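For reference, the chains in residue letters:
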Amino acid sequence: MPVLTKEPTLGDLLKYELNGNYSREVVTLKGGTSYPLGAVLGRITASGIYRFSPAATVTGDEGAETAVAVLIEAVDATAGDRNGLVVARGPAIVSKAALVFDPSVDQPAEIAAKHAELSAAGVVPRDTA
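Throughout what follows, the structure given in this document is the object of discussion. The structure presented is a predicted model; accordingly, all values stated were derived computationally and were not measured.

Attention shifts here to the pattern of salt bridges. Tallying each qualifying case throughout the model produces six salt bridges. Where aspartate 61 meets lysine 30, a salt bridge forms, and the shortest distance between an N and an O atom there is 2.7 Å. Of the two residues, aspartate 61 sits in the loop between β5 (50-52) and β6 (67-71) while lysine 30 sits in the loop between β2 (24-29) and β3 (33-35), which places them 31 residues apart along the sequence.

Turning our eyes to something else, we now look at unusual backbone geometry. The step from glycine 90 to proline 91 runs through a cis peptide bond, and the omega angle for that step is 15°. Inspection of the secondary structure puts proline 91 in the loop between β8 (82-87) and β9 (92-95).

A few words now on the environment of glutamate 62. With respect to the secondary-structure elements, glutamate 62 resides in the loop between β5 and β6. Note: C-alpha distance between glutamate 62 and leucine 118 (56 residues apart in sequence) is 17 Å. Other than its neighbours up to four places away in sequence, glutamate 62 contacts Arg43, Ile44, Thr45 and Thr57.

Attention shifts here to the nonpolar core. Judged by nonpolar contacts, the single largest core of 16 residues is most densely connected at Leu13, Val40, Val70, Val87, Val94, Leu99 and Leu118. Of all the secondary-structure elements, those providing two or more residues to this core are β6 and β9. Once residues lying within four places of it in the same chain are set aside, the contact partners of valine 40 are Arg51, Phe52, Ser53, Ala67, Ala69, Leu99, Val100, Phe101 and Leu118. Core analysis: the next-biggest nonpolar cluster, separate from the first, contains 13 residues, Ala39, Ala69, Ala77 and Val86 among them.

Rules used in this analysis
- Residues numbered from 1 in each chain as written.
- Predicted model: local features only at pLDDT ≥ 70, side-chain atom pairs only at ≥ 80, totals over all residues.
- Heavy atoms only, no water.
- Salt bridge = Lys/Arg side-chain N within 4 Å of Asp/Glu carboxyl O.
- Helix = DSSP H or I, 4+ residues; strand = E, 2+ residues; numbered from the N terminus.
- Contact = heavy atoms within 4.5 Å.
- Core = buried A, V, L, I, M, F, W, Y, C linked by side-chain atoms within 4.5 Å.
- Buried < 20%, exposed > 50% of the residue type's maximum accessible area, 1.4 Å probe, protein only.

Below, the structure is given as structure tokens:
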């Protein structure tokens, strides 16, 4: 019998949100990639455009190395910049297991740093069952 798998849903990611009208925001995502639900994003200082938050500063995308939001819908921006809905401030709780990081964020210390940066914005990553 084949094994069925299900794509993550908003309920898998967002565990608590006090007021969606306050904590959510529509942002512009940098083109050239597909962003999954739960993408951890940083904001490029010069343009205000969001992208995956890398582990270190990327020339031309300064500021994005600080995680400030979590994408709450999948967005295909491979063909160019697209809008997406994020949780940008709290109080909100997201599941650590549902977060998706930039490929450069691959060490436990880097992941912990991204969790701390999100917590500073009021979007608290937690272990959830």
